[in-house]
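Structural overview
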Amino acid sequence: MYIDQVGGRTLADCNVLIVDDQASSRLVLETLLEETVNCFSVDSGKQAIEYCKHNTPDLILMDVSMPEMDGHHTTAQLRATPSCEHIPVIFVTSSSTEEEESRCWASGCVDFVVKPVNACTLRNRVKSHIHHKLRSDFLETLIYLDKLTGAYNRHYLDDFLPRLVRDSERNASPLSLVIFDVDHFKLFNDMYGHLDGDSCLWKVSKTISDELLRPMDKLVRIGGEEFLVILPGTDGEGAVAVAERLLQTVYDLNIIHSSSEYGRVTLSAGLAIKNANDDKTIDFVMLEADKNLYSAKTSGRNRLVSPSLSSAKKEKTIGSSQPQKTV
């Protein structure tokens, strides 16, 4: 028995990625599932990994025997990637030997089906695992999401940031952190009231979330009007580009704030980077970002302060270079 809807999502909202090097096999699976879920297909393990970097399917149907990178190797790489490690994988295999079954379980699959695929078995196993994932996702939102803004909360940060640091060190890739603060938010609350203040925080959070283009980029609410954006695998130049775009997008919302020198809601931001070759702890990097945020606030607000900007100019003002009025 299946519940039709969990946490606002139904089976019809869910996406299944089919990974198979044979076009005929992909077509069979798509045809069997097209009335139940949304299906997307790729023809290799490498394409599957690339797809999952930019999209997060609710389930993957993975062929085991593929050239270059088989299903076991592909699944292992997905499990080693923080943004992909929780995607359930069902193997589709032509072998039903005990040895092959053991290898499938050892590779991290949640289930497997044997070719030729039985239509009824496939549909019900897909429904069962997606339903389980919907319930898990819903419970995760209760644990890890801030109710007001929809951003991740401190509990998420405590649980997942250490994993991202380990992944960054393992892959010898940078990890960039950007701390944002809504300028003059206390004055906004005093003038417009707490309901409008809550609405402002929600709009800012949603705008930033919508502008984060990769599944691995995360927005965390770390204080009342303070947010952290985590950018794995992003160097200084890339992080500056993302941070400036986020500040500009919030500036362009033009949320009226008559107590601000800019006449609208703006953000200040501080950026810091943990590079693969340094020995800085993540706590030290957080402190650097916080210090840069403080510099942005004290030097005029509505700007980014970052060590990645040129030595002659460590900050970048957003929108109008001059405040509209003095407060």
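Residues numbered from 1 in each chain as written. Predicted model: local features only at pLDDT ≥ 70, side-chain atom pairs only at ≥ 80, totals over all residues. Heavy atoms only, no water.

1. Points about helix 2 (residues 45–54)
Short version of the rule: Partly exposed describes any residue whose relative accessible area lies between the buried limit of under 20% and the exposed limit of over 50%, with all areas from a 1.4 Å probe on protein chains only and scaled to the type maximum. The helix and strand labels rest on DSSP assignments: H or I over at least four residues marks a helix, E over at least two residues marks a strand, and numbering proceeds from the N terminus. Regarding the arc, it is the one traced by the directions from the helix axis to the C-beta atoms.
Residues of helix 2 that are buried include every one of Gly45, Ala48, Ile49, Tyr51 and Cys52, and no others. Taken end-on, helix 2 shows its buried residues confined to a sector of 160 degrees, consistent with a single buried face.

2. Concerning unusual backbone geometry
Here the bond from Lys115 into Pro116 is cis, since omega is -5 degrees, no more than 30 degrees from zero. Here Pro116 is to be found in the loop between strand 7 (111–114) and helix 5 (119–144). One non-glycine residue, Asn302, lies in positive phi territory at about 55 degrees. Relative to the helices and strands, Asn302 resides in the loop between helix 10 (282–298) and strand 12 (303–305).

3. A word on the nonpolar core
Which entries qualify depends on this criterion: Take the buried residues of types Ala, Val, Leu, Ile, Met, Phe, Trp, Tyr and Cys, join any two whose side-chain atoms come within 4.5 Å, and each joined set is a nonpolar core. The contact rule is simple, with two residues in contact once any of their heavy atoms fall within 4.5 Å.
Counting 31 residues, the largest nonpolar core has Val178, Phe180, Ile208, Val229, Val265, Leu267 and Leu271 as its most contacted members. Every element with two or more residues in this core is listed here: strand 8 (175–182), helix 7 (185–192), helix 8 (194–211), strand 10 (226–232), helix 9 (236–253) and strand 11 (267–274). It is helix 9 that provides the largest number of residues to this core, a total of eight residues. Other than its neighbours up to four places away in sequence, Val178 contacts Phe227, Leu228, Val229, Leu231, Ala243, Ala269, Gly270 and Leu271. One finds Tyr152, Leu228, Ile230 and Ala289 within the second-largest nonpolar core, a separate group that totals 21 residues.

4. Topic: the pairing of strand 6 (residues 89–93)
Residues in a regular strand point their side chains to alternate faces of the sheet. Heads up, the rule is: We call two strands paired when DSSP finds no fewer than two bridges between them. A right-handed crossover is one whose linking path, passing over the helix from the first strand to the second, runs clockwise when the strands point away from the viewer.
Of all five residues making up strand 6, five are buried, and the element is well covered by its neighbours. Both faces of strand 6 are covered, namely the face carrying Val89, Phe91 and Thr93 and the face carrying Ile90 and Val92. Pairing of strand 5 (residues 59–63) with strand 6, which is carried by four bridges, proceeds in the parallel orientation. Along strand 6, the bridge assignment pairs Met62 with Phe91. A crossover links strand 5 with its parallel partner strand 6, the connecting element being helix 3 (residues 71–79), and its sense is right-handed.

5. Focus on the domain arrangement of the protein chain
Quick reminder of the rule: All domain edges in this entry derive from an automatic or database-based domain assignment. Joining two parts hides part of their accessible area as seen by a 1.4 Å probe, and the buried area is that hidden amount summed over both. Put simply, a salt bridge is a Lys or Arg side-chain nitrogen that is within 4 Å of an Asp or Glu carboxyl oxygen. What qualifies as a polar contact is a pair of N or O atoms within 3.5 Å, subject to a donor-acceptor requirement within protein and to the restriction that residues adjacent in sequence count only when both atoms come from side chains. Basically, the charged four are Asp, Glu, Lys and Arg, the nonpolar ten are Ala, Val, Leu, Ile, Met, Phe, Trp, Tyr, Cys and Pro, and anything else, Gly included, counts as polar.
Annotation of the protein chain at the domain level lists domain 1 (5–142) and domain 2 (154–317). On the side of domain 2, seven residues touch domain 1, which itself brings ten residues to the contact. Here domain 1 meets domain 2 over a buried area of about 660 Å², counting both sides, of which 60% is carbon and sulfur. Taken as a group, Lys53, Pro82 and Ser83 account for 48% of the area that domain 1 buries against domain 2, more than any other trio of residues on that side. Inspection of the region where domain 1 meets domain 2 yields one salt bridge. In this structure, Glu85 and Arg163 form a salt bridge, with 3.3 Å as the shortest nitrogen-oxygen distance. Where domain 1 touches domain 2, the interface holds two residue pairs in polar contact (both at pLDDT 80 or more). Here the side of domain 1 that touches domain 2 is composed, by residue class, of three nonpolar, five polar and two charged.

6. Digging into a nonpolar patch on the surface
Note the cut-off: Put simply, a patch holds well-exposed residues, over 30% relative accessible area, that have no salt bridge, with like charges counted together within 9 Å and Val, Leu, Ile, Met, Phe, Trp or Tyr side chains within 5 Å. Here the Shrake-Rupley method, with its probe set to 1.4 Å, supplies the accessible areas, and only the displayed protein chains count as covering residues.
On the surface, Phe138, Leu139, Leu142 and Ile143 cluster together to form a nonpolar patch covering roughly 380 Å² of accessible area. Summarising the element assignment, Leu142 is placed in helix 5. Judged by its relative accessible area of 53%, Leu142 falls in the exposed class.

7. A look at the pairing of strand 8
Most of strand 8 is tucked away, with eight of its eight residues classed as buried. Judged by which residues are buried, strand 8 turns out to be covered on both faces: Leu175, Leu177, Ile179 and Asp181 on one side and Ser176, Val178, Phe180 and Val182 on the other are all buried. Strand direction decides the pairing type here: strand 8 and strand 10, joined by seven bridges, are antiparallel. Looking at strand 10, one finds that Phe180 is bridged to Phe227. As paired elements, strand 8 and strand 11 share eight bridges and run antiparallel to each other. Directly across from Val182, in strand 11, lies its bridge partner Leu267.

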